[in-house]
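Structural description and commentary
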Amino acid sequence: MINLVLFGPPGAGKGTQSEKLIKQYGFVHISTGDLFRWHTKNETELGKRVKEIMNSGSLVPDEITIAMLKEELDKNPNAKGFLFDGFPRTVAQAEALDRFMKDNGTAIHHVIALDVTEAEVRSRIAKRRSIENRVDDEEEKLNKRITEYFTKTVHVLPYYEKQGRLKTVQGIGEIEAIFGSICKIIDHK
Ligand code: AMP
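Residues numbered from 1 in each chain as written. Predicted model: local features only at pLDDT ≥ 70, side-chain atom pairs only at ≥ 80, totals over all residues. Heavy atoms only, no water.

With that settled, consider the pattern of salt bridges. Scanning all chains against the criterion turns up ten salt bridges. Where Glu-45 meets Lys-48, a salt bridge forms, and the shortest distance between an N and an O atom there is 3.6 Å. Here Lys-48 and Glu-45 lie together in helix H3 (residues 45-56), a separation of three residues that amounts to about one turn. Of the residues examined, Glu-45 reaches a relative accessible area of 59% and is grouped as exposed. Glu-148 is the salt-bridge partner of Lys-152, the closest N and O atoms lying 3.1 Å from each other. Given the relative accessible area of 42%, Lys-152 is considered partly exposed. (Salt bridge = Lys/Arg side-chain N within 4 Å of Asp/Glu carboxyl O. Helix = DSSP H or I, 4+ residues; strand = E, 2+ residues; numbered from the N terminus. Buried < 20%, exposed > 50% of the residue type's maximum accessible area, 1.4 Å probe, protein only.)

Quick look at the structure:
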């Protein structure tokens, strides 16, 4: 069983790489962003609690996020491996994830960070904006999410780095080349 965390700011290409990794390795994909969007769309109790927070582009409190993640893990007892996307975003979440993995007799084997600078992400998004028609509201939310990543989420990286689990992959370049670099890490080549 191999468990992986894929890290990177909005616009880094995490979605594209996740899809390819799932196809190649059969990971169970756990994206906390997707899960929160499902809850808000379906107006569950949890969805109602997090809707405003998500709309502002802020992070959902750890307690709620960790409980939701645990539920999702418990739904997949026979998973060959997990690919965590958008989680953890705080050190408390990273510690909880390690505990859950340990309780199941496994661990997070690799934390792969797609290395894309804030300037590059903002320029990609500006390009996208000139093609798509984005409403201001979404723009502002996206700006907030990028800021959240570069001011808060990046602090999770030293947690993994200290333990030698962090692998950085250059996130600028051809999709296939980036995918190849990630596969090399997973395959230990
Ligand atoms: P994402 O699609 O991963 O960027 O997530 C969309 C939104 O869901 C974020 O802007 C947060 O409001 C919330 N969210 C997703 N994952 C987390 C997490 N691990 N911790 C806190 N909030 C999260």
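If you look at the biggest cluster of nonpolar residues, it comprises 32 residues, and the most contacted ones within it are Phe-7, Leu-69, Leu-73, Phe-84, Leu-97 and Tyr-160. Among the secondary structure elements, those contributing two or more residues to this core are strand E1 (4-7), helix H2 (32-41), H3, helix H4 (62-74), strand E3 (82-85), helix H5 (91-103), strand E4 (110-115) and helix H8 (157-162). By size, the runner-up hydrophobic cluster in this structure holds 21 residues, among which are Leu-83, Ile-112, Ile-146 and Ile-182. (Core = buried A, V, L, I, M, F, W, Y, C linked by side-chain atoms within 4.5 Å.)

Bringing the side chain of Thr-106 into the picture now. When you line up the elements, Thr-106 lands in the loop between H5 and E4. Residue classification places Thr-106 among the buried residues on the basis of a relative accessible area of 16%. In terms of polar contacts, Thr-106 uses its side chain to reach the side chain of Asn-3, at 3.0 Å. Setting aside residues no more than four positions away along its own chain, Thr-106 makes contact with Met-1, Asn-3 and Met-101. (Polar contact = N/O pair within 3.5 Å; in protein donor to acceptor, adjacent residues only side chain to side chain. Contact = heavy atoms within 4.5 Å.)

With that settled, consider the site of the ligand. By nearness alone, 14 residues border the ligand, and Thr-32, Arg-37, Ser-58, Gly-86 and Arg-145 come closest of all. Between the ligand and the protein, one listed contact pairs an oxygen atom with a side-chain N or O atom of Arg-89 at 2.9 Å. Here the ligand, which alone exposes 480 Å², has 94% of that area covered by the protein. Looking at the shell around the ligand, the element that brings in the most residues is H2, giving four residues. Each residue belonging to the shell around the ligand can be placed in one class, and the counts come to five nonpolar, six polar and three charged. (Near = heavy atom within 4 Å. Areas by Shrake-Rupley, 256 points an atom, 1.4 Å probe, with all protein chains shown as cover. Nonpolar A, V, L, I, M, F, W, Y, C, P; charged D, E, K, R; others polar.)

Distances and angles like these do not, on their own, reveal function.
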